[in-house]
Amino acid sequence: MKLGLTSLKEGFLIFSWALYDLANQFFALNIVSLYFVQWLTLEKKVPDVFYGISFGVSTVFIALLAPILGAISDATGRRKPPLVFLTLLSIVFTMFLGVKESIFLNLVFFAIANFGCSTATVFYNALMVNIAPRNRLGLISGLGKACSYAGAILALYFMKPVVLEKGYQATFLPTGILFLIFSLPCLMFVKDSATLDKRGWLWFFKKDKIIEIFAALRKTAFNVSAFPGLLDFLKAEFFGLCAVNAVVLFMSVYARKAFGLDEAGVIRLIGFSTLFAIAGSLLSGFLSDYLGHRRCLAAVFILWIICFAAGAFAKNQTLYLVIGALVGITLGGTWVVSRSLAIDLVPSGRIGEVFGLFNLVGYVSAIVGAIFWGLITLLLNRFGELGYRIALFSLVAFMIPGLSYLLRIPVKEKGF
């Protein structure tokens, strides 16, 4: 397979799969990072910590269920049905946002939509092994994330006139519609593998089977001899994603509070950053296949430390753009190389389990990161802009132990 494309059919399937990364970016950017959080914190004057709690509660359920669902998907070979159900769940509750005035009810709707979108990625990521050979995992993963950030640009500029003319709330319904439209190719055309367990999903939802699944997950995570480097990978991802998830959740608020940008300025900065995220996704995917996934992920962690330090001390417009570009490149590389390294550490038959564990770690770290950020900004609220800058710089404390665990993973890939 040359560059992952040997036939029109394979190319079409890869493109259809990658479009899902574009589709869920409408939710990730418009709802999680931009307009819903700003609607709450800036328009409704809700403290950051309540959004962090809502995100954290939904993430608790994701963290509990994702490993079980991933393991069942390995056992049954069925990844499409839960992907379709969870995607539609997220879309429907995204459309419900802002319909009622109750802040509590909107936080509940957000938690459900976030649960659906985030849990669906377990099955979406696992489907990559059906369309990508192992020697091109980085490239195909990079294509998916490039589409994701292209989706971010579309989301920004589709919604820009809406938010500037009608406000944050007006963006929620069209976000759900766009999520649906761009997810359809993957939901319709990317198939499960030919080998399916006829017992189906419900057969596994029994007490004894759930216990067996947890035992198998524990064995997978802690069996250092069978899967060398996997446990250190999960530890590294936990610490690294605590910081990354906090940035993704609150980057628009930070740009307003610390950089002093208006709404149009935030959109321009994020759009500019996203262009570099596309380049970072493609470049990191190519380089990680050549140099090794672990080496490239270590470089990504180091770049994050530079981003946090620079963002905390930057004081002029030119530096904001430089930092935005660097954050974009680094964010693009984070998910591309992490996804590729996760697949590289285990055989194909354990992919669902590993993505369940990977997502478990990611979601627990998202809870920690969101609540950490919320508490730090709440405690430092009286310092205004300085409090936000201190909060950003404090994220370096997560990246250092993450990098130390990452460097313990054995290097098996080619490179220097």
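A quick note: this is a predicted structure, and the numbers were derived from the prediction, not measured.

S.K.: Would you take a moment to explain the overall build of the protein chain for this structure?
M.R.: Helix and strand content of the protein chain: 14 helices and 0 strands. Moving toward the C terminus, one meets the helices and strands of the protein chain in the order α-α-α-α-α-α-α-α-α-α-α-α-α-α. Counted over contacts in the protein chain with a minimum sequence separation of 6, partners at least 24 positions apart contribute 86%. Accessible area for the protein chain stands at about 16,600 Å²; split by element, carbon and sulfur atoms hold 72% of it.

S.K.: Where do I start with the packing of aromatic side chains in this structure?
M.R.: Two aromatic rings are characterised by how far apart their centres lie and by the angle between their planes. For the structure on display, the rule yields 29 aromatic pairs. Centre to centre, the rings of Phe 36 and Trp 39 are 5.8 Å apart; their planes meet at 35 degrees, and the pair counts as tilted. One end of the pair is Phe 36 and the other is Trp 39, both in helix H1 (residues 8-43) and 3 residues apart, which spans about a single turn. One exposure class covers both Phe 36 and Trp 39, and it is buried. An angle of 85 degrees between the planes, with centres 5.1 Å apart, marks the rings of Phe 372 and Phe 398 as edge-to-face. Linking Phe 372 in helix H12 (residues 351-379) with Phe 398 in helix H14 (residues 396-406), this pair joins segments that are 26 residues apart in sequence. For Phe 372, a relative accessible area of 25% translates into the label partly exposed.

S.K.: Where do I start with a nonpolar patch on the surface in this structure?
M.R.: Nonpolar side chains collect at one region of the surface, where Phe 50, Ile 53, Val 57, Val 60, Phe 61, Leu 64 and Leu 65 lie side by side and expose about 610 Å² of accessible area between them. With respect to the element layout, Val 60 can be found in helix H2 (residues 48-76).

S.K.: What's the story with the environment of Val 248 in this structure? I'm lost.
M.R.: Structurally, Val 248 can be placed in helix H8 (residues 230-257). With 220 residues separating them in the primary sequence, Val 248 and Ala 28 have C-alpha atoms 8.7 Å apart. With residues near it in sequence (within four places) discarded, Val 248 still touches Ser 33 and Leu 331.

S.K.: It is not clear to me how the side chain of Thr 41 should be interpreted in this structure. Could you clarify?
M.R.: With respect to the helices and strands, Thr 41 occurs in helix H1. Judged by relative accessible area, which is 11%, Thr 41 ranks as buried. Side-chain polar atoms of Thr 41 contact the backbone oxygen of Val 37, separated by 2.8 Å. Residues contacting Thr 41, with those up to four places away along its chain left out, are Val 46, Asp 48 and Val 253.

S.K.: What is the right way to read the side chain of Ser 16 from this model?
M.R.: Note that Ser 16 resides in helix H1. The class for Ser 16 is buried, based on a relative accessible area of 1%. Look past the residues within four positions of Ser 16 in its chain and what remains in contact with it is Pro 185, Cys 186, Phe 189 and Val 190.

Reading guide: rules and limits
- Residues numbered from 1 in each chain as written.
- Predicted model: local features only at pLDDT ≥ 70, side-chain atom pairs only at ≥ 80, totals over all residues.
- Heavy atoms only, no water.
- Helix = DSSP H or I, 4+ residues; strand = E, 2+ residues; numbered from the N terminus.
- Contact = heavy atoms within 4.5 Å.
- Areas by Shrake-Rupley, 256 points an atom, 1.4 Å probe, with all protein chains shown as cover.
- Phe/Tyr/Trp six-rings, centres within 6.5 Å; stacked < 30°, edge-to-face > 60°.
- Buried < 20%, exposed > 50% of the residue type's maximum accessible area, 1.4 Å probe, protein only.
- Patch = residues over 30% accessible without salt bridge, like charges linked within 9 Å, V, L, I, M, F, W, Y side chains within 5 Å.
- Salt bridge = Lys/Arg side-chain N within 4 Å of Asp/Glu carboxyl O.
- Polar contact = N/O pair within 3.5 Å; in protein donor to acceptor, adjacent residues only side chain to side chain.

Worth remembering: the numbers are spatial, not functional.
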